[in-house]
Amino acid sequence: MRLLNFGSMNVDHVYQVERFVRPGETISARRLDHFCGGKGLNQSVALARAGAETYHAGMLGKGGEMLEQMLRESGVKLEHLGVSAEMTGHAIIQVDPSGQNNIIIYGGSNQAVTPEYMDSVLSRFGPEDMVLTQNEISNISYLARRCGELGIPLVFNPSPITRGLLEEFPFEQVSLFLINEVEGQALTGETEPKAILDALLTRWPHARVVLTLGQRGVVYRDRAHTYSHGAYKVQAVDTTAAGDTFTGFFLASLARGEDIPRCLENASLASALAVSRPGAAPSIPTMAEVDAVRDALTASPAP
Ligand code: RIB
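First, a word on what this report is: a plain description of the structure on this page. Keep in mind that this is a model prediction, so the values were computed, not measured.

Within the protein one finds ten helices and 14 strands. Over its C-alpha trace the protein gives a radius of gyration of 18 Å, about what one expects of a compact globule, namely 19 Å for 303 residues. Principal-axis analysis of the C-alpha atoms gives the protein an extent of 50 × 50 × 40 Å. Looking at the protein residue by residue over its 303 residues, the buried ones come to 54%. Pairs at least 24 apart in sequence give 65% of the contacts found in the protein among residues at least 6 apart. For the protein, the computed accessible surface area is about 13,000 Å², with 51% contributed by carbon and sulfur atoms. Considering the protein, the positive charge centre built from 25 side chains and the negative charge centre built from 34 side chains are found 2 Å apart.

Put into structure tokens, the structure is as follows:
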């Protein structure tokens, strides 16, 4: 199975700060790094490092050379990558000493992805493949409708969640949701994990849902099954791209036919490793690194 990811690519400007800046305040950063990022790029890198046949689609803008190089070196196939005259997307990220972050994104070329471009890429794929997307590029509602018409399974990570997305996205086209609690709450109005999952499955009974719960682990639910997995405790350095790493490893494991408990285990181990390292894409491990820590780390009780 081939995985086609229509996703963003950002240059992340990462500032290490004592604490997050407050309104009207000026603070000095202790350190500045430039990393490859963007939810789309991170998820493609994670998919490829987890061993999936991964194709990245999206618009590379001016100044995006390091992003293309990162994708290529991670084993992502780039024959369908588009190029735009816009400036490439970027993110301003503050990271505090506990590893927490806050993020501002500027879309740039990520917002120049057109329906025509999507159609030309989709014409090379079919129902035996899988499309993945997030909410950082333009025209994802069009993409979802076209996947439905073409019979291509759509995996959706509705991140970052926005009012516009909630109002216009055709969620009924989604085969598999990968969401966190904030997104689950925005989609359903519920706050408890069980209520979020119940509401999602009532509304879209054909869908499968993976709900990540941070340090409490993760729950998978479909019409017939529920599985959960605890989180691995590591020293957090930078939580950026932990969710993207989870998404990539879960999907790659699923695509090669592993059962859901194993998919959850692989993805949880990979995101724990990503949290223990700085940066977005550079923090994402390979499958070999995940296998190497499998017996050394112990998960918390499943939620
Ligand atoms: O999910 C983390 C990513 O969100 C960062 O790499 C940043 O670019 C934003 O897209």
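This next bit is on helix 7 (residues 193-203). Listing the buried residues of helix 7 in full gives P193, I196, L197, L200 and L201. Down the axis of helix 7, the smallest arc covering the buried residues is 120 degrees, so these residues share one side. Turned more than 90 degrees away from the buried face of helix 7 sit K194, T202 and R203, all of them exposed. For helix 7, the secondary structure elements touched by its buried residues are strand 11 (174-180), helix 6 (181-188), strand 12 (208-212) and strand 13 (218-221).

Cis geometry is found at the peptide bond from S159 to P160, where omega equals -5 degrees. Tracing the chain through its elements places P160 in the loop between strand 10 (154-157) and helix 5 (163-168). Located in the positive-phi region is N139, a residue other than glycine, with phi close to 65 degrees. Here N139 lies in the loop between strand 9 (130-134) and helix 4 (140-150).

Strand order in the open sheet formed by four strands is 3-2-7-8, and the pairing between neighbours is mixed. Of all strands in the sheet, those with a lone pairing partner are strand 3 (31-37) and strand 8 (101-106), marking the two edges. Across the sheet, the mean angle separating the axes of adjacent strands is 20 degrees when strand polarity is ignored. The pairing of strand 2 (residues 10-16) with strand 7 (residues 89-95) spans seven bridges and is parallel. Of the residues in strand 7, the one forming a bridge with Q16 is V95. Running over the sheet, helix 2 (residues 65-73) touches strand 2 and strand 3 and is turned about 60 degrees from strand 3.

Further remarks concern the site of the ligand. Not every one of the 14 residues close to the ligand is listed here, only the nearest: D12, G38, K39, E136 and D244. Between the ligand and G38 there is a distance of 2.9 Å, counted from an oxygen atom to a backbone nitrogen or oxygen. A distance of 2.9 Å is found between an oxygen atom of the ligand and a side-chain nitrogen or oxygen belonging to K39. Across the complex, the protein chains shield 95% of the 280 Å² of accessible surface that the ligand would expose by itself. Contributions of two or more residues to the shell around the ligand are made by strand 2, helix 1 (39-49) and strand 8. Here the residues of the shell around the ligand are counted per class, giving five nonpolar, five polar and four charged.

About the cut-offs
- Residues numbered from 1 in each chain as written.
- Predicted model: local features only at pLDDT ≥ 70, side-chain atom pairs only at ≥ 80, totals over all residues.
- Heavy atoms only, no water.
- Helix = DSSP H or I, 4+ residues; strand = E, 2+ residues; numbered from the N terminus.
- Rg over C-alpha atoms; globule rule 2.2 N^0.38 Å.
- Buried < 20%, exposed > 50% of the residue type's maximum accessible area, 1.4 Å probe, protein only.
- Contact = heavy atoms within 4.5 Å.
- Areas by Shrake-Rupley, 256 points an atom, 1.4 Å probe, with all protein chains shown as cover.
- Lys, Arg positive; Asp, Glu negative; His and termini not counted.
- Charge placed at Lys NZ, Arg CZ, Asp CG, Glu CD.
- Arc of directions from axis to C-beta.
- Pairing = 2+ DSSP bridges.
- Axes fitted to C-alpha atoms, helices over the stretch in contact; angles between N-to-C directions.
- Near = heavy atom within 4 Å.
- Polar contact = N/O pair within 3.5 Å; in protein donor to acceptor, adjacent residues only side chain to side chain.
- Nonpolar A, V, L, I, M, F, W, Y, C, P; charged D, E, K, R; others polar.

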